[in-house]
Structure formats: structure tokens, C-alpha cells
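For reference, the chains in residue letters:
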Amino acid sequence: MEFSPFKINSFLFFKLPSAFWCGVRLKQLNQQEAMVTVRHRWINQNPFKSMYFAVQAMAAELSTGALVMYHIQKSGQNISMLVATSQSTFTKKATGRIYFKCTDGNQIAQAIAQTIQTGEGSTVVLQSTGTNEKGEQVSLMQFEWTLKVKSNNR
């Protein structure tokens, strides 16, 4: 499968419907970066008139995960990926359209190359920054992804 925003957003509809219905959408994906957007709406709000933290986490995780999936697909190898840890910092109320951007494509490529070369699992910590329409940071999230070459016996 060739990765594109349309295909990833279709994947969301069928495999992660809660993210899809909350409005999480991949807008940009290339070798270096991924950008995901989500608009504050009634369905994804919290009692404090801003976006629920879990919706921000879904969007931020997608910005990192789509980039990992992109690089795995480019490698041509059968590699598993899984979030091991996450950390979040919220700095401002998330209202309006929020943009989550991960620009760690080089780190992912290096981690995948290491995993393929050694046959051992590796980890990579990726950061996603959430900004509002004014360019102000609303949240900063980090996800530690584990990568491992799958054996052909499965």
C-alpha cells in the first residue's frame, strides 16, 4: 500500500473509528514530517470549553505513527511497531483547529535501519507539537515507539 493522507484517513475510519469521528485527519505526510489536524467541536470537547486531552493524544500519536508506518513501508521489511510510553504537556487551551506536527523522520529511518541491521528491537522517541491557528503551542507530546523485525515463521 502506498501511504497517502487519503489512505491513512480511510484506515482511521475502519480501524480507529473514535479518532475518525472526533475529526482527527492526516493532512501531510512525507519522508521528514507528518501533520495531523483536528478541530475543537462538541464531540471532542471537555467540560472546560476546549479539546479533550485524549483527542489531542490521538492526533499527536497519529502524526508520529503515520511517519513510522511510512518508513516501515519504504524499508520493504516486515517490522512491528508499538507505543511503549507517552508523555504529554499541555500549555494552552486547545480551541479552533489544532495542528500536530512531527518532524522526526530522520530518527525513524535510523532506528529502522538499526533494527534491520542487527535483527534486534529498537526504540525511538518522537515528538509531536500541537499548535493553534495563531501558531501558539497548545501541547507537546512524546511517544516512545518500539520497532522489531517480525520473524518469517509467523
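In this text, all values refer to a predicted model and were calculated from it rather than measured experimentally.

The rules behind the values
Residues numbered from 1 in each chain as written. Predicted model: local features only at pLDDT ≥ 70, side-chain atom pairs only at ≥ 80, totals over all residues. Heavy atoms only, no water. Helix = DSSP H or I, 4+ residues; strand = E, 2+ residues; numbered from the N terminus. Buried < 20%, exposed > 50% of the residue type's maximum accessible area, 1.4 Å probe, protein only. Polar contact = N/O pair within 3.5 Å; in protein donor to acceptor, adjacent residues only side chain to side chain. Contact = heavy atoms within 4.5 Å. Core = buried A, V, L, I, M, F, W, Y, C linked by side-chain atoms within 4.5 Å. Pairing = 2+ DSSP bridges.

**Q** Just to check I follow, could you spell out the side chain of Asn132 for this structure?
**A** Checked against the element boundaries, Asn132 lands in the loop between β5 (122–131) and β6 (137–149). In this structure Asn132 comes out as buried when scored by relative accessible area, which is 9%. At a separation of 2.7 Å, a polar atom in the side chain of Asn132 contacts the side chain of Glu136. In contact with Asn132, other than residues within four places in its own chain, are Lys92, Thr95, Arg97, Ile98, Tyr99 and Val138.

**Q** Please explain the nonpolar core as it appears in this structure.
**A** General note: in soluble globular proteins, nonpolar side chains tend to be found buried as a group. Counting 37 residues, the largest nonpolar core has Val24, Leu26, Leu29, Val38, Leu62 and Leu147 as its most contacted members. Of the residues forming this core, the biggest block, 9 residues, is contributed by helix α3 (residues 53–75). The residues contacting Leu62, other than those within four sequence positions of it, are Ile8, Leu12, Val24, Leu26 and Val36.

**Q** Where do I start with the pairing of β5 in this structure?
**A** Residues in a regular strand project their side chains so that they alternate between the two faces of the sheet. With burial as the criterion, only one face of β5 is covered, namely that bearing Ser122, Val124, Leu126, Ser128 and Gly130; the residues Thr123, Val125, Gln127, Thr129 and Thr131 on the opposite face remain uncovered. In this structure, strand β4 (residues 97–102) lies alongside β5, joined through 3 bridges in antiparallel fashion. Residue pairing across strands places Tyr99 opposite Thr131, the latter belonging to β5. Bridge count between β5 and β6: 10 bridges; the pairing is antiparallel. Following the sheet pairing, Leu126 is matched in β6 by Phe143. As consecutive antiparallel partners, β5 and β6 are separated by 5 residues, and within that stretch Gly135 has a phi angle of approximately 85 degrees, a positive value.

Worth remembering: the numbers are spatial, not functional.
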